[in-house]
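Structural description and commentary
Here's the letter readout for the chains.
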Amino acid sequence: MKRNISMILCLVLAVCLMLCGAAALAQDGTFTGSAAGMGGAVNVTVTVEGGKIVSVEVGEHSETPGISDPAIEQIPAAIVEAQSADVEGVSGATVTSEAIKKAVAAALSGETEEAQAVEIPFEQPDVIVIGAGMSGLTAAVRASELGANVLVFEQMAKVGGSAAVAGGSIVGAETIIEKEAGIEDSIDLLYADFGRLGGEGNYNPEVARKFAERAGTAVDWLDTYVGVNFGERSPTYGSYEPLNVNRVHFAVPADGDVSRSSGKGGSGFIMALMNKLDGFIDAGTACLLLETPVTDIIIEDGAIVGVVASVNGESREFRAPSTVIATGGYGHNEAWLKEFNFTNVATSTPASATGSGYDFARKAGAVFTGMDFCTAYGGAIPVTGFTKSLAANLYTNPGPIWVGLNGERFTDETKADSKVRSDAWTAAEENKVFVVYTEDVINPEMPMITGAQDPAAKLAELVEEGKYVFKADTVAELAAKAGINADALVKTVETYNADCATGKDSVFGRESELRAMDKGPYYAIMTIPYVLITSGGPRINADAQMINEAGEAIPGAYLAGEIVGMGNVCGHTTIGGIGHGNCATWGMIAAENAVANAGK
Ligand SMILES: Cc1cc2nc3c(=O)[nH]c(=O)nc-3n(C[C@H](O)[C@H](O)[C@H](O)COP(=O)(O)OP(=O)(O)OC[C@H]3O[C@@H](n4cnc5c(N)ncnc54)[C@H](O)[C@@H]3O)c2cc1C
């Protein structure tokens, strides 16, 4: 069969966009369709009158403002002009352009998007990337920059993974931004922080050293080549455990709202990387397949030589000399979190973080590291089970105390940093920590729960339900309701109240915000840990190659991002910006070695 080398059509159900249009034009009416864009489904409404397409309107979508605007403005008009969905895409907004075209074709044909053809613009990829989160997009852009043909598989209908909902921090030393800000930093200092905070022996020194060496260049690459907006360009210590130098950089979110860099800035990385990848997609050297999960890896003679993906529901093989596994952590895999880390746990990670790459790694013979450590974020109220929706407010003036099922406190609550909190929720029996307070010790202006539209009403509802929030007139009664050791809790509160009278906490040295809880009603909010990021993963070497039991690199296999984890890089700690640092640093290193392995 004669094939056009520059355009292989992986046809599952071969439905030509032109034919879709022509078939439907016989019938007048208003038709709707949708297709996957960069941020999820793009919906269109197409009106046909007198056998002609008279209008195409783009409806609900979550495409990134700015990037997608030209496609949303130009493609509908072009389709009306051409009387066909088969029009030229808008450069720089290829993914959105394709989504609009496919959605229009689907509307006119009455077919679902699954009926469309999958087009890959090169015969064989040099590099396959599994996952289009921040690490996969970094690897894809870097490999493309180095001249490789790159095929990216993303199981979801949108790119971004965790970074799309994450804060914008990223760690790196000796960056251009640090130098501009007059911050004196060094690779040695960053490396030293891993030992100080992560604990010697909890990470691989060779890998940690490589991260320290390359993290700054990765930030510089995002800054100068990819075009990430770093806003005020003033690094901080990043709100986790204090680093020896302010080296946590912050990206501005995709919507440009500078005030939310620490809250939603991760979307800024995704927007800039996707913008860059779009250029390579336009040029025909990169291809991104959304809603196309990789279901297996192909191993021959101990090497990973390709993947099996579900393309429109049909299993297909794709081969390449190098495969980058950038599938993220296992933060949405409740069974694994319970197997490796916690008895009770909730998550703030997206549903995509199931850890499929760990299965691929296991199959390839990888050896794992650091699986027993996972940073816990305290305070989830498990009203919606595993997926976190509500949390207790752990800090309100003068402030509650935190106790375990044994009725004892953990720490000076007012001074608990991220590590102390993580340790408390990890060590607590059944991982249950009760936030105990009376009306007198909380700030009436600050709701005791977060995540509810009407916190006061929700709190009252939860008290009424009596499952997660307990209220009683006495401490003993409160303990009985909550299942806490009553004698111990009575003693804890008595000691705390006596200490409040002297102004010095005799157990943990708390000096500030001490006010006696000597008048009911008493409250206890039952909380469990939640995760944003996991730490353990398959071991790598300093070239981001996956390692087997014998310490040898598994040919063709490279890792990037959260799957690399703190377990390889910095041990038992979470430092500000390490998540995105692992994405950018290992995404680049993985891509560089994957491209070299492909002979490019
Ligand atoms: C709420 C929140 C806030 C955070 N804040 C910060 C922060 O401020 N700073 C920081 O450094 N880190 C932060 N993190 C962590 C950081 O965002 C993540 O560690 C990082 O984004 C992970 O990127 P990744 O590409 O490795 O994995 P992911 O983001 O999980 O992306 C993996 C992608 O691979 C896809 N995929 C998985 N399996 C397959 C498969 N079999 N086939 C095809 N596709 C597949 C997934 O759908 C997903 O899109 C935060 C995380 C969360 C959840």
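Residues numbered from 1 in each chain as written. Predicted model: local features only at pLDDT ≥ 70, side-chain atom pairs only at ≥ 80, totals over all residues.

1. Considerations on the overall build of the chain
- Counting its regular elements, the chain contains 17 helices and 26 strands.
- By the compact-globule yardstick of 25 Å for 600 residues, the chain fits well, its C-alpha radius of gyration being 27 Å.
- Expressed as lengths along the three principal axes of its C-alpha atoms, the size of the chain is roughly 85 × 60 × 45 Å.
- A total of 600 residues make up the chain; the buried ones form 55% of that total. (Helix = DSSP H or I, 4+ residues; strand = E, 2+ residues; numbered from the N terminus. Rg over C-alpha atoms; globule rule 2.2 N^0.38 Å. Buried ≥ 20, exposed ≤ 12 C-beta atoms within 10 Å, placed from the backbone.)

2. Description of the site of the ligand
- As a matter of local geometry, the ligand sits amid 39 residues, with Gly133, Gly161, Gly328, Gly561 and Gly579 nearest to it.
- Looking at the shell around the ligand, the elements with two or more residues in it are helix H4 (134-145), strand E8 (169-171) and helix H17 (578-597).
- Residue contributions to the shell around the ligand peak at four residues, all from H17.
- Class assignment of the residues belonging to the shell around the ligand gives a composition of 17 nonpolar, 20 polar and two charged. (Near = placed C-beta within 6 Å. Nonpolar A, V, L, I, M, F, W, Y, C, P; charged D, E, K, R; others polar.)

3. Things to note about helix H11 (residues 356-364)
- Taken as a whole, H11 has its buried residues at Ser356, Gly357, Tyr358, Phe360, Ala361 and Ala364.
- Downstream of H11 by a residue or two, Gly365 has a phi angle that is positive, lying close to 95°.

4. Comments concerning the domain arrangement of the chain
- Partitioning the chain into structural domains gives domain 1 (8-110), domain 2 (134-370 + 533-597) and domain 3 (377-531).
- Each of domain 2 and domain 3 has a C-alpha centre, and the two are 36 Å apart.
- Broken down by secondary-structure element, the contributors of at least two residues to the side of domain 2 that touches domain 3 are helix H10 (334-340) and strand E15 (346-347). (Domains from an automatic or database assignment.)

5. Description of the sheet that holds strand E25 (residues 545-547)
- Pairing in this open sheet of six strands is mixed, and the strands run E10-E7-E6-E14-E26-E25 from one edge to the other. The strands lining the two open edges of the sheet, one partner per strand, are strand E10 (286-289) and E25. Strand-to-strand twist of the sheet, defined as the mean angle between neighbouring strand axes without regard to direction, takes the value 30°.
- Relative to E10, strand E7 (residues 150-153) runs parallel, the two being bridged by four bridges. Residue pairing for E10: Phe153 is matched across the bridge by Leu289. (Pairing = 2+ DSSP bridges. Axes fitted to C-alpha atoms, helices over the stretch in contact; angles between N-to-C directions.)

6. A closer look at helix H7 (residues 205-226)
- Along its 22 residues, H7 runs 29 Å from first to last C-alpha, staying within 8% of the 32 Å computed at 1.5 Å per residue.
- A maximum bend of about 35° is found in H7 at Arg214.
- Looking at the residues trailing H7, positive phi occurs at Gly227, about 90°. (Expected span 1.5 Å × (residues − 1). Bend = angle between axes of the 7 residues up to and from the residue.)

7. Some thoughts on unusual backbone geometry
- Cis geometry marks the peptide bond from Asn397 to Pro398, where omega comes out at -15°.
- Note that Pro398 resides in the loop between strand E18 (390-392) and strand E19 (401-403).
- Following Gly520, the chain continues to Pro521 via a peptide bond in cis, the omega torsion being 5°.
- Take Pro521: it is sitting in the loop between helix H15 (486-502) and strand E23 (522-531).
- Its identity is not glycine, yet Glu430 carries a phi of approximately 55°, on the positive side.
- For Glu430, the location among the structural elements is in the loop between helix H12 (418-427) and strand E20 (433-438).
- Of the residues examined, Glu430 has 12 C-beta atoms within 10 Å and is grouped as exposed.
- Located in the positive-phi region is Glu513, a residue other than glycine, with phi close to 55°.

8. Section: the sheet that holds strand E13 (residues 314-319)
- Strands sit in the order E11-E12-E13 across an open sheet of three strands; the sheet is antiparallel. Looking along the sheet, the strands with just one partner apiece sit at the ends: strand E11 (294-300) and E13. Strand-to-strand, the axes of this sheet are offset by a mean angle of 30°, without reference to chain direction.
- Two elements, strand E12 (residues 303-311) and E13, share six bridges in a ladder whose sense is antiparallel.

9. Side note on the nonpolar core
- One finds Val127 and Val324 to be the most contacted residues of the largest nonpolar core, which totals 184 residues.
- Among residues more than four places away in sequence, those in contact with Val127 are Ala143, Ala148, Val150, Ala320, Ser322, Val324, Ala591, Ala594, Val595 and Ala598. (Core = buried A, V, L, I, M, F, W, Y, C linked by C-beta atoms within 7 Å. Contact = placed C-beta atoms within 7 Å.)

10. A look at the environment of Ile177
- For Ile177, the position within the fold is in helix H5 (residues 176-180).
- Along the sequence, Ile177 and Arg233 sit 56 residues apart, while their C-alpha atoms lie 5.9 Å from each other.
- Excluding its chain neighbours within four sequence positions, the residues that come into contact with Ile177 are Val219, Asp223, Phe230, Arg233, Pro235 and His249.

11. Quick notes on the environment of Ala584
- By the element assignment, Ala584 lies in helix H17.
- Under the C-beta neighbour-count criterion, Ala584 is labelled buried, with 33 such atoms within 10 Å.
- Taking the C-alpha atoms as reference, Ala584 lies 41 Å from Gly509; in sequence the two are 75 residues apart.
- With near-sequence residues (within four places) excluded, Ala584 lies in contact with Thr138, Ile170, Ala218, Val219 and Leu222.

12. Some points on the packing of helix H14 (residues 475-482) against H15
- Two elements in contact, H14 and H15, have axes separated by 9 Å at closest approach and are oriented at 135°. Regarding the angle of H14 to H15, the classification is oblique. H15 is crossed by H14, and the crossing has right-handed handedness. Listed contacts from H15 to Val475, Ala476, Ala479 and Ala480 of H14 are Ala486, Leu489, Val490 and Val493.
- Of the residues belonging to the contact of H14 with H15, the class tally is eight nonpolar, no polar and no charged. (Parallel < 35°, antiparallel > 145°, perpendicular 65-115°, else oblique. Left-handed = near helix turned anticlockwise from the far one by under 90°.)

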